[in-house]
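Breakdown of the fold
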Amino acid sequence: MTIQLFQYPRCTTCKKAAKWLDEHQIEYENIHIVEQTPTKEQLKSFWELSGLPLKKFFNTSGMKYKTLGLKDKLSTMTEDEQLELLASDGMLIKRPIVTDGGKITLGFKEEDFTNTWK
């Protein structure tokens, strides 16, 4: 499977991730996370692949997260409800998400990218 980069064009972290992939000559499909928000099923597979807690998939520094008061609500929501919420708005999702279907990185840390994608 081709590497997919789920990103938001104005996000500086997403730009760093794309630059890193470009500099290492790694081809990827660029997917606008708001225009093509991952489905609930895709998000569930990303979450399972990552081994991370589901709350890590939320963009906790985003305005939408804060406006909805999710800091206090997530702990009372089921995993299914959280996945539904994430799939409802790409701005709620931590980005970038980079995956090839077998591996995944969430956010951008150069060390993680080197260990996963190089």
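As a starting point, this report considers the structure included with it. Keep in mind that what you see is a predicted model, and the values were worked out from it rather than measured.

1. Notes on the overall build of the protein
The number of helices and strands found in the protein is six helices and four strands. Reading the secondary structure of the protein in the N-to-C direction produces β-α-β-α-α-α-α-β-β-α. A compact globule built from 118 residues would reach a C-alpha radius of gyration of about 13 Å, and the protein, at 14 Å, matches this within 12%. For the protein, the spread of C-alpha atoms along the principal axes amounts to about 40 × 25 × 25 Å.

2. Considerations on the packing of helix α1 (residues 12-23) against helix α6 (residues 110-117)
Interhelical geometry of α1 versus α6 gives an angle of 40 degrees and a closest axis separation of 11 Å. The angle between the axes of α1 and α6 places the two elements in the oblique class. Where α1 crosses over α6, the two elements pack in a sense that is right-handed. From α1, A17, W20 and L21 reach across to α6, where they touch E110, F113, T114 and W117. Its residues assigned to classes, the contact of α1 with α6 comprises five nonpolar, one polar and one charged.

3. Examining the side chain of Q82
If you trace the backbone, Q82 turns up in helix α5 (residues 79-88). A polar contact of 3.3 Å, which involves the side chain of Q82, links it to the backbone oxygen of L74. Ignoring anything within four residues of it in the chain, the contact list for Q82 reads L54, K55, F58, L74 and M77.

4. Things to note about unusual backbone geometry
Cis geometry marks the peptide bond from R95 to P96, where omega comes out at -5 degrees. Counting through the fold element by element, P96 comes out in the loop between α5 and β3 (97-99).

5. Here's the deal with the pairing of strand β2 (residues 29-32)
One ladder, built from four bridges, connects strand β1 (residues 4-7) with β2; its direction is parallel. Note on β2: the bridge partner recorded for F6 is I31.

6. What about helix α2 (residues 40-50)?
Along α2, the positions that sit buried rather than exposed are L43, F46 and W47. With its buried residues spanning 100 degrees around the axis, α2 presents them on a single face. Seen from the buried face of α2, the exposed residues on the opposite side, beyond 90 degrees, are E41 and E48. The elements touched by buried residues of α2 are β1, α5, β3 and β4 (104-106).

7. A short note on the sheet that holds β3
Strand order across the open sheet formed by four strands is β2-β1-β3-β4, with mixed pairing between neighbours. With one partner strand each, in any of the chains shown, β2 and β4 form the two edges of the open sheet. Each strand axis lies, on average, 15 degrees off the axis of its neighbour in the sheet, ignoring direction. Of the strand pairs in this sheet, β1 and β3 are connected by three bridges, and their pairing is antiparallel. Within β3, the residue paired with L5 across the bridge is V98. Running at roughly 175 degrees to β4, α6 makes contact with β3 and β4 of the sheet.

Parameters at a glance
- Residues numbered from 1 in each chain as written.
- Predicted model: local features only at pLDDT ≥ 70, side-chain atom pairs only at ≥ 80, totals over all residues.
- Heavy atoms only, no water.
- Helix = DSSP H or I, 4+ residues; strand = E, 2+ residues; numbered from the N terminus.
- Rg over C-alpha atoms; globule rule 2.2 N^0.38 Å.
- Axes fitted to C-alpha atoms, helices over the stretch in contact; angles between N-to-C directions.
- Parallel < 35°, antiparallel > 145°, perpendicular 65-115°, else oblique.
- Left-handed = near helix turned anticlockwise from the far one by under 90°.
- Contact = heavy atoms within 4.5 Å.
- Nonpolar A, V, L, I, M, F, W, Y, C, P; charged D, E, K, R; others polar.
- Polar contact = N/O pair within 3.5 Å; in protein donor to acceptor, adjacent residues only side chain to side chain.
- Pairing = 2+ DSSP bridges.
- Buried < 20%, exposed > 50% of the residue type's maximum accessible area, 1.4 Å probe, protein only.
- Arc of directions from axis to C-beta.

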